[in-house]
Amino acid sequence: MEELLCGDLAKESSMEDVGLIFQLCWAIWKARNGFIFNKQPPNPEDTIRKANGANIDYLRAMVPNTNGNQDRVSRVMGWVPPLVSAIKFNIDGAFSSSRSQAAFGIIARDSGGTALIWRFGKVEVRSALVIEAWALRIACAMALELGFTVVTFESDCKILINCINEPKKLCPWEIAALVDDIKSWAATRQWAFVWCCREQNRSAHWLASNCLNRKILVNTGCIPPGLRSLLDRESHSL
């Protein structure tokens with residue numbers, strides 16, 4: 001393995017690719033230890049995401065801060081498709097404290113990057129955390145309605161994801177009821193809740209922010225042109 005990673009592969013691959021391979025090996029090792037010593041069921045998609053995140057942190061630390069190199073880092077941080085036969089929901093909330101307005105954006109895609117359903121709208125809430133929780137609850141209700149069984153829900157709100165995934169985590173009172181609904185639905189289903197960075201959640205963010213700013217007003221059933229362009233770029237990078 002050492003000869004492979006340090007020999008021909010290193011010569012023929014970019015710094016990003018070689019770094020990701022090292023990080024993936026380390027993430028697999030940690031997942032293996034978690035299963036053996038802590039009885040934590042391995043989650044392949046979460047393992048890949050942790051490796052990708054660690055590689056991004058490494059690149060940010062090692063690559064000089066120039067526009068060209070930042071573009072290289074951004075390419076590594078693209079949307080990650082779900083496993084074959086699974087569906088991924090990306091969820092985001094947007095909140096304006098000055099206007100006391102909030103909006104959500106949701107998009108579901110398959111492993112090939114095809115958009116299956118999308119939704120956006122406004123909700124009367126009083127904080128950014130609450131709109132994030134409402135967005136996730138709405139996405140879960142959509143998955144139930146459509147009969148999706150193997151689903152990954154992805155959000156860039158780490159507090160929310162931790163409240164769902166960590167049983168002993170003290171949940172903020174303002175989202176406790178919403179989190180309880182989500183957990184009860186997920187208890188008997190193959191649902192996973194995963195945190196992602198903003199760069200990996202661009203499509204949902206586009207829907208939420210444009211809805212909040214009244215740049216899109218009605219769910220017409222047709223993908224808005226700006227979102228279509230973003231989806232095309234993300235699918236071409238797979």
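Here the structure is a predicted model, which is why all the values come from computation and not from measurement. Within each chain, residues carry numbers counting from 1 in the order of the written sequence. Given that the model is predicted, a residue must reach a pLDDT of at least 70 before its local features are reported, and side-chain atom pairs must reach 80 or more before they are shown or counted; all residues, however, enter totals for whole chains, interfaces and linings. With hydrogens and water set aside, each side-chain value is computed from the structure's full complement of heavy atoms.

1. A closer look at the nonpolar core
Counting residues in hydrophobic clusters, the biggest one holds 35 residues, and the most contacted among them are Phe 89, Leu 136, Phe 153 and Phe 193. Secondary structure is summarised from DSSP: a helix means a run of H or I of at least four residues, a strand means a run of E of at least two, and numbering begins at the N terminus for each. Looking at this core, the elements with two or more residues in it are β1 (87-96), β2 (101-109), α6 (128-146), β4 (150-155), α7 (158-165), α8 (176-186) and β5 (190-195). The contact rule is simple, with two residues in contact once any of their heavy atoms fall within 4.5 Å. Among residues more than four places away in sequence, those in contact with Phe 193 are Leu 136, Cys 140, Phe 153, Ile 161, Ile 164, Asn 165, Ile 182 and Ala 186. In this structure, Ala 103, Ile 107, Ala 115 and Leu 227 belong to the second largest nonpolar core, which totals 14 residues. Only buried Ala, Val, Leu, Ile, Met, Phe, Trp, Tyr and Cys residues count toward a nonpolar core, and they belong to the same one when joined by side-chain atoms within 4.5 Å. Here's how the labels work: a residue is buried when its accessible area is under 20% of the maximum for its type, exposed when over 50%, partly exposed in between, all with a 1.4 Å probe on protein chains only.

2. Some remarks on the side chain of Glu 154
Inspection of the secondary structure puts Glu 154 in strand β4. Pairing of N or O atoms within 3.5 Å defines a polar contact, subject to two protein rules: one partner must be a possible hydrogen donor and the other a possible acceptor, and residues neighboring in sequence count only if both atoms are side-chain atoms. At 3.0 Å, the side chain of Glu 154 and the side chain of Lys 88 are in polar contact.

3. Quick word on the sheet that holds strand β3 (residues 115-122)
Strands qualify as paired when DSSP identifies two bridges or more between them. With mixed pairing, the five strands of this open sheet are ordered in space as β3-β2-β1-β4-β5. Here the strands that pair on one side only, and so sit at the sheet edges, are β3 and β5. Shown here is a sheet whose adjacent strand axes are inclined to one another by a mean of 15°, direction ignored. Relative to β4, β1 runs parallel, the two being bridged by five bridges. The residue bridging Ile 91 from the neighbouring strand is Ser 155, located in β4. Lines fitted to C-alpha atoms define the axes, with helix axes restricted to the stretch in contact, and inter-axis angles between N-to-C directions lie between 0 and 180 degrees. Lying on the sheet, α7 is in contact with β4 and β5; it crosses β5 at an angle near 145°.

4. Comments concerning the packing of aromatic side chains
Here a pair means two rings of Phe, Tyr or Trp (six-membered ring of Trp) with centres within 6.5 Å. Their orientation is stacked below 30 degrees between planes, edge-to-face above 60, and tilted elsewhere. A full pass over the atoms with the stated rule returns four aromatic pairs. Every member of this aromatic cluster is reached through a ring pair, and the members are Phe 89, Phe 148, Phe 153, Trp 191 and Phe 193. Both a distance and an angle decide whether a charge sits over a ring: NZ of Lys or CZ of Arg must be within 6 Å of the ring centre and within 35 degrees of the ring normal. Here the basic side chain of Arg 109 rests over the ring of Trp 79, its NZ or CZ set 4.0 Å away from the ring centre. For Lys 158, the ring lying beneath its charged end belongs to Trp 195, and the centroid distance is 4.3 Å.

5. So, the environment of Met 142
Among the secondary structure elements, Met 142 is positioned in helix α6. With sequence-adjacent residues up to four places away left out, Met 142 is seen in contact with Phe 89, Ile 106, Ile 117 and Arg 119.

6. With respect to the confidence of the model for the protein
Per-residue confidence for the protein averages 83 on the pLDDT scale, and 81% of its residues sit at or above 70. Every residue is assigned a pLDDT by the predictor, reflecting its confidence on a scale from 0 to 100. Across the protein, element-level confidence peaks in α6 with a mean pLDDT of 97 and bottoms out in helix α5 (residues 67-76) with 46.

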